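# Residue-level structure breakdown
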Amino acid sequence: MANDPSSRLILASQSAARQALLRRAKVNFEALPADLDERGIEQTSRLSDAAAVAALLAKEKALHVGRAHPDAYVIGADQTLALGTKIFAKADDRAQAREQLKSLCGRTHELHSAVAVVKGDEILFESISTAHMTMRSLSDVRLEAYLDLAGEAVTASVGGYQLEGAGVHLFEKIEGDYFTILGLPLLPLLGFLRGIGLAPLP
C-alpha cells in the first residue's frame with residue numbers, strides 16, 4: 001500500500017451529506033454510487049444487530065465499486081438507525097415518515113455509522129461509531145408542523161430527519177460525534193487516508 005497522492009479515490013455513495021463532508025475536508029475524490037440491493041443483502045445476511053448491518057453494507061458498497069475499479073481506493077459507508085432491536089429504513093412517503101417519528105418521539109435511538117476502504121477485493125480499513133439521539137416528545141400538531149417544514153427531506157434520510165436541516169428542532173439531547181450523525185466516521189477515515197498519502201494534510 002504505497003503512499004501515492006496521485007492515486008484515485010472513489011466514494012461509493014450518492015449521499016450529499018457524505019460528499020459534502022469530504023469536500024469540506026478538501027479531500028480529492030470522485031463519487032460513484034454503488035448500485036446494490038441493500039435490503040436484499042441485509043435480509044440474506046440475517047444479521048439482527050444494527051451496527052453489524054451498517055458495517056456489512058459499508059463493505060459491500062466499497063467492494064462492489066472496488067471490483068469495477070481495481071486501481072482505485074474505494075470508500076464505502078452506511079448508516080443504520082435502531083430503536084431497541086428494531087432497525088429502521090428510509091420512509092417511502094410522508095405517512096410512513098410520520099409513523100417513524102411517532103415511534104421515536106420522547107425516546108432515545110441509536111445511529112450506527114460505518115465506513116470501509118478497499119482496493120479491488122482487499123478490505124484495507126474499517127471503522128464504526130454510534131451516536132445516541134434523544135428526541136423531544138411532540139404533539140400531533142407539532143409533528144405535522146415539522147413535516148411541513150422539512151418537506152420532501154423526510155424521505156431522504158432514515159428516521160425522517162436530517163440534523164443539518166429542520167430535523168435539529170426534533171431533539172433535546174445528542175450524545176455522539178457530529179460526523180457519525182451525518183453518516184460518515186470522518187476522523188478515523190481521515191487518519192487512514194493520511195497513512196496512504198491521500199489526505200490534504202499529512
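Before reading further, recall that the structure is shown in the block above.
Just so it is clear, the model here is predicted, and its values are computed rather than measured.

Attention now goes to the overall build of the protein chain. Helix and strand content of the protein chain: seven helices and seven strands. From first element to last, N terminus to C terminus, the protein chain shows the α and β order β-α-β-α-α-β-β-α-β-β-α-β-α-α. A burial count over the protein chain gives 47% of its 202 residues as buried. For the protein chain, the proportion of contacts with a sequence separation of at least 24, taken over those separated by at least 6, is 68%.

Considering all chains together, one arrives at 10 salt bridges under this definition. Note that Asp-71 is salt-bridged to Arg-8, the shortest N-O span being 3.8 Å. Linking Asp-71 in the loop between helix H3 (50-68) and strand S3 (73-83) with Arg-8 in the segment before strand S1 (9-11), this pair joins segments that are 63 residues apart in sequence. The exposure class assigned to Arg-8 is partly exposed, which follows from its relative accessible area of 27%. Among the salt bridges present, the one from Glu-126 reaches Lys-59, with a minimum N-O distance of 3.5 Å. Placement of Glu-126 in strand S6 (residues 122-135) and of Lys-59 in helix H3 is noted, with a sequence separation of 67 residues between them. Through salt bridges with shared partners, a single ionic network connects Arg-94, Arg-98, Glu-144 and Asp-148.

Let us now look at unusual backbone geometry. Positive phi values are uncommon outside glycine, yet Lys-26 reaches one of about 65°. With respect to the helices and strands, the residue Lys-26 is situated in the loop between helix H1 (16-24) and strand S2 (30-31). Judged by relative accessible area, which is 61%, Lys-26 ranks as exposed. One non-glycine residue, Arg-46, adopts positive backbone phi at about 60°. With respect to the secondary-structure elements, Arg-46 resides in the loop between helix H2 (38-45) and H3.

The buried fraction of strand S5 (residues 108-119) is high, at nine of 12 residues. Here S3 pairs with S5 via 10 bridges, running antiparallel. For Ala-82, the partnering residue across the bridge sits in S5 and is Glu-110. Relative to S6, S5 is paired through 12 bridges, and the arrangement is antiparallel. Bridge assignment links Ser-113 to a residue of S6, and that residue is Ser-129.

Our focus in this paragraph is the pairing of S3. Most of S3 sits out of view: 10 of its 11 residues are buried. Alignment of S1 against S3, held across three bridges, turns out to be parallel. Bridge pairing links Leu-9 to Tyr-73 in S3. In the sheet, S3 pairs with strand S4 (residues 86-88) via three bridges, with the strands oriented antiparallel. Residue pairing for S4: Leu-83 is matched across the bridge by Lys-86.

With that out of the way, let us pick up the packing of aromatic side chains. Tallied over the full model, the rule gives three aromatic pairs. With centroids separated by 5.0 Å and ring planes inclined at 20°, the aromatic side chains of Phe-125 and Phe-192 adopt a geometry described as stacked. Residue Phe-125 is found in strand S6, and its partner Phe-192 is found in helix H7 (residues 186-195); the two are separated by 67 residues along the sequence. As far as the burial class goes, Phe-125 and Phe-192 line up, both buried. Ring geometry for Tyr-161 and Phe-171: centres 4.8 Å apart, planes at 70°, overall edge-to-face. Of this pair, Tyr-161 sits in the loop between helix H5 (140-150) and strand S7 (171-175) while Phe-171 sits in strand S7, and the two are 10 residues apart along the sequence. You can call Tyr-161 buried: its relative accessible area is 5%. When the ring centre of Phe-88 is taken as reference, the NZ or CZ atom of Lys-86 above it lies at 4.8 Å.

What counts, and at which threshold
Residues numbered from 1 in each chain as written. Predicted model: local features only at pLDDT ≥ 70, side-chain atom pairs only at ≥ 80, totals over all residues. Heavy atoms only, no water. Helix = DSSP H or I, 4+ residues; strand = E, 2+ residues; numbered from the N terminus. Buried < 20%, exposed > 50% of the residue type's maximum accessible area, 1.4 Å probe, protein only. Contact = heavy atoms within 4.5 Å. Salt bridge = Lys/Arg side-chain N within 4 Å of Asp/Glu carboxyl O. Pairing = 2+ DSSP bridges. Phe/Tyr/Trp six-rings, centres within 6.5 Å; stacked < 30°, edge-to-face > 60°. Lys NZ or Arg CZ within 6 Å of the ring centre and 35° of its normal.

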